[in-house]
Amino acid sequence: MAGRVIAQGYRVVDDERHAKSLEWMTERCDELIVETREMFVDILNPFAKMKLIDALQRLGVSYHFKEEIDNSLESLVSVKFANDDFHAISLQFRLLRQQRRYMPCDAFKEFTDKQGNLNGTLCSDTRALLALYEAAHLGTPNEEILREAERLEARLYIPLYEEDKEECNEMILELAKLDFYLLQRLHREEIKEVCEWYHGLESPRELFYARHRPAEAYFWALGVYYEPEYAKPRKLLAKFIATITPYDDTFDNYGLWEELQPFADVMQRWDEKGAEQLGRCYKDYAQFMFGTMNEIEGALPKGTPRKNVNVIKDIFETERNIVATAVTCYMKEYDSTKEEAIKALWNDVENAWKDMNEEYLKLTLIPSSLLIQSVSIMNNGVSKLASDDHMKHVGPTGDDRQEANAAAAVPFDALTIAAVLLGA
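Since the model is a prediction, treat every value here as computed from it, not as a measurement.

Moving on, we come to the pattern of salt bridges. Counted by the stated rule, this structure contains 17 salt bridges. For Arg 28, the salt bridge is made with Glu 35, and the minimal N-O distance between the two is 3.9 Å. On the basis of relative accessibility, which here comes to 18%, the residue Arg 28 falls in the buried class. Measuring nitrogen to oxygen at the nearest pair gives 2.8 Å for the salt bridge that ties Glu 190 to Arg 234. Of the two residues, Glu 190 sits in helix 8 (residues 170-199) while Arg 234 sits in helix 11 (residues 231-254), which places them 44 residues apart along the sequence. Here Glu 190 matches Arg 234 in class, with each residue buried.

Relative to the helices and strands, His 64 resides in the loop between helix 3 (46-58) and helix 4 (66-76). A polar side-chain atom of His 64 sits 3.2 Å from a polar atom in the side chain of Tyr 63. Ignoring sequence-local partners within four residues, the contact set of His 64 consists of Ile 33, Arg 37 and Asp 179.

Scored by pLDDT, the protein chain comes out at a mean of 77, with 73% of its residues at no less than 70. In the model of the protein chain, helix 18 (residues 399-404) stands out as the element of lowest mean pLDDT, 37, in contrast to helix 4, which has the highest, 93. Throughout residues 1-13 the model reports pLDDT below 50, and contacts reaching past four residues in sequence, or to other chains, amount to 31 contacts. Taken as a whole, residues 393-424 scores under 50 in pLDDT and shows 88 contacts with residues more than four places along the chain or in a different chain.

Turning to the environment of Leu 129, a few remarks are in order. Along the chain, Leu 129 falls in helix 6 (residues 126-136). Along the sequence, Leu 129 and Ser 90 sit 39 residues apart, while their C-alpha atoms lie 8.4 Å from each other.

Helix 10 (residues 214-224) packs onto helix 8 with a crossing angle of 135° between their chain directions and a minimal axis gap of 9 Å. Classified by the interaxial angle, the pair formed by helix 8 and helix 10 is oblique. As helix 8 packs across helix 10, the resulting crossing turns out to be right-handed. On the side of helix 8, the interface is formed by His 187, Glu 190, Ile 191, Val 194, Cys 195, Tyr 198 and His 199, while helix 10 contributes Pro 214, Ala 215, Tyr 218, Phe 219 and Leu 222.

All right, on to the nonpolar core then. Counting 48 residues, the largest nonpolar core has Phe 263, Met 267 and Tyr 285 as its most contacted members. Broken down by secondary-structure element, the contributors of at least two residues to this core are helix 8, helix 10, helix 11, helix 12 (257-269) and helix 13 (282-299). In this structure, Tyr 285 is in contact with Leu 207, Thr 243, Ile 244, Pro 246, Tyr 247, Thr 250, Phe 263 and Met 267, ignoring residues within four places of it in sequence. Ranked by size, the runner-up nonpolar core spans 46 residues in total, among them Met 25, Cys 29, Phe 65 and Val 79.

Moving on, we get to the packing of aromatic side chains. Overall, the coordinates contain 21 aromatic pairs when judged by the stated rule. On the basis of an interplanar angle of 85° and a centroid distance of 6.2 Å, the ring pair of Tyr 218 and Phe 219 is categorised as edge-to-face. Each member of the pair Tyr 218 and Phe 219 is classed as buried.

Counted at 1.5 Å a residue, the expected span for helix 13 with its 18 residues is 26 Å, and the 26 Å between its end C-alpha atoms agrees. Listed in full, the buried residues belonging to helix 13 are Tyr 282, Asp 284, Tyr 285, Ala 286, Phe 288, Met 289, Phe 290, Thr 292, Met 293, Ile 296 and Ala 299.

Below, the discussion takes up the environment of Ala 55. Mapped onto the secondary structure, Ala 55 falls in helix 3. Residues Ala 55 and Ala 176, spaced 121 residues apart in sequence, show a C-alpha to C-alpha distance of 9.8 Å.

Here we come to the side chain of Asp 54. Checked against the element boundaries, Asp 54 lands in helix 3. Residues contacting Asp 54, with those up to four places away along its chain left out, are Leu 91 and Arg 94.

Glancing now at the packing of helix 15 (residues 326-334) against helix 16 (residues 338-362). Relative orientation of the contacting elements helix 15 and helix 16 amounts to 110°, with a least axis distance of 9 Å. In terms of orientation, helix 15 and helix 16 fall into the roughly perpendicular class. Of the two possible hands of crossing, helix 15 and helix 16 adopt the one that is right-handed. Residues Ala 326, Val 327, Tyr 330 and Met 331 of helix 15 touch helix 16, and the partners they reach there are Lys 338, Glu 340, Ala 341, Ile 342, Ala 344 and Leu 345. Class assignment of the residues belonging to the contact of helix 15 with helix 16 gives a composition of 8 nonpolar, no polar and 2 charged.

What counts and how
Here the residue index of a chain counts from 1 through its sequence in written order. Since the coordinates come from a predicted model, pLDDT governs what is reported: local features require at least 70, and pairs of side-chain atoms require 80 or more to be given and counted, while whole-chain, interface and lining totals use all residues. To obtain the side-chain values, all non-hydrogen atoms of the structure were included, while hydrogens and water were left out. For this analysis, a salt bridge means a side-chain nitrogen from Lys or Arg found within 4 Å of a carboxyl oxygen belonging to Asp or Glu. Only protein chains enter the calculation, and the probe is 1.4 Å; a residue is then buried if its accessible area is under 20% of its type maximum, exposed if over 50%, and partly exposed in between. Think of it this way: any DSSP run of H or I at least four residues long counts as a helix, any run of E at least two long counts as a strand, and we number them from the N terminus. In protein, a polar contact means a hydrogen-donor-capable atom and an acceptor-capable atom, both N or O and within 3.5 Å, with residues adjacent in sequence counting only if both atoms are side-chain atoms; elsewhere, any N or O pair within 3.5 Å suffices. In what follows, a contact means two residues having at least one pair of non-hydrogen atoms within 4.5 Å. The predictor's confidence in any single residue is recorded as pLDDT, a number from 0 to 100. Axes, fitted as lines to C-alpha atoms, cover a helix only where it is in contact. Angles between the N-to-C directions of the axes lie from 0 to 180 degrees. Any angle from 65 to 115 degrees is called roughly perpendicular, while one under 35 is roughly parallel, one over 145 is roughly antiparallel, and all others are oblique. In this scheme the handedness of a crossing depends on how the near helix is turned from the far one: anticlockwise by less than a right angle means left-handed, clockwise means right-handed. Take the buried residues of types Ala, Val, Leu, Ile, Met, Phe, Trp, Tyr and Cys, join any two whose side-chain atoms come within 4.5 Å, and each joined set is a nonpolar core. In summary, the pairing rule links any two rings of Phe, Tyr or Trp, Trp by its six-membered ring, whose centres are within 6.5 Å, and it sorts them by plane angle into stacked for under 30 degrees, edge-to-face for over 60 and tilted for everything else. Expected span of a helix: the number of residues minus one, times 1.5 Å. Ten residue types, Ala, Val, Leu, Ile, Met, Phe, Trp, Tyr, Cys and Pro, are classed as nonpolar, four, Asp, Glu, Lys and Arg, as charged, and the remainder, Gly among them, as polar.

Pasting the structure below:
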């Protein structure tokens, strides 16, 4: 008989064992964490240890082993692999740069021809190509060699890892499944709480023209921080994102210029009393935003600098005179086609990504736990913009599908917001 589904399509082979109580699952998860920690001591081979770290990160359980991973990577900085070990060098590059340890990309020159293209013989080594693909996302400006990486996409790694009989460690796989399920339960409760909060408010119900997307808002927040210890800031960030979405719609889908001007003035002044004088919908939205921000401010720890809260308020108070997309602006300014504009803008995105990688390596005075939120939300934004993101559509779509997939906790500028909310 098929195993019971416990996490977005993943079936557990031993149904009886995993059908036990939540307490058992938690205890078993803790036992597996201890056993996995011992592997960091037992494994001496550098490449084997890198593959262990890689698997833990892909399976979404590396947050349990932050200290062990950090210590292991510190020792890997000085390790030199054979010049022809494409997989090991690619993996070392990604792991070190991901942890803000610089490794030059000169080592990849061994795997390119005189024109700078990857050697054709590498195409048969899928693991090495995947490692290079991910390493390419950590390139900085002027590292053109990394542009040649093949554009692949790694998702749903648990079933892939399970099928890889050569690399799969049953203990780590069990830990990943249990941890995934426990996180799934937590995320489902959180998304339920955010949706009930949103739909229980009176003001959003009056905004008939707007996108009501609390579920999608939660998934954006989940892409910033998924770990259980960030439950409170994750929910607050989701509420903030759900609140600002109708602000765009008020301008794009509802407002008239003569009505939007006083509305924008009230929002820029953060004038709660002035909001009472606004017309229907404008007043409702203003009360919605003020209420959400007051809730967020009240949830922050005592002593949080007031300027941090003001920074959040200053973000979607920007007056909008003309509604236009980056594509249409580019087309008008450079007299280009839509296709040319999109290509140029994606090139700008790639350059911005490289600039961010460079700053991530250099800004050593800022904790990694803060900077990684910037990387996460950028990753989240690019993936959503490249897909059919229901956040973009007005109407009753998206929520049901997002809530049904409430387990999608795959660890991969609202940075200021995320940073402020980390203290919540």
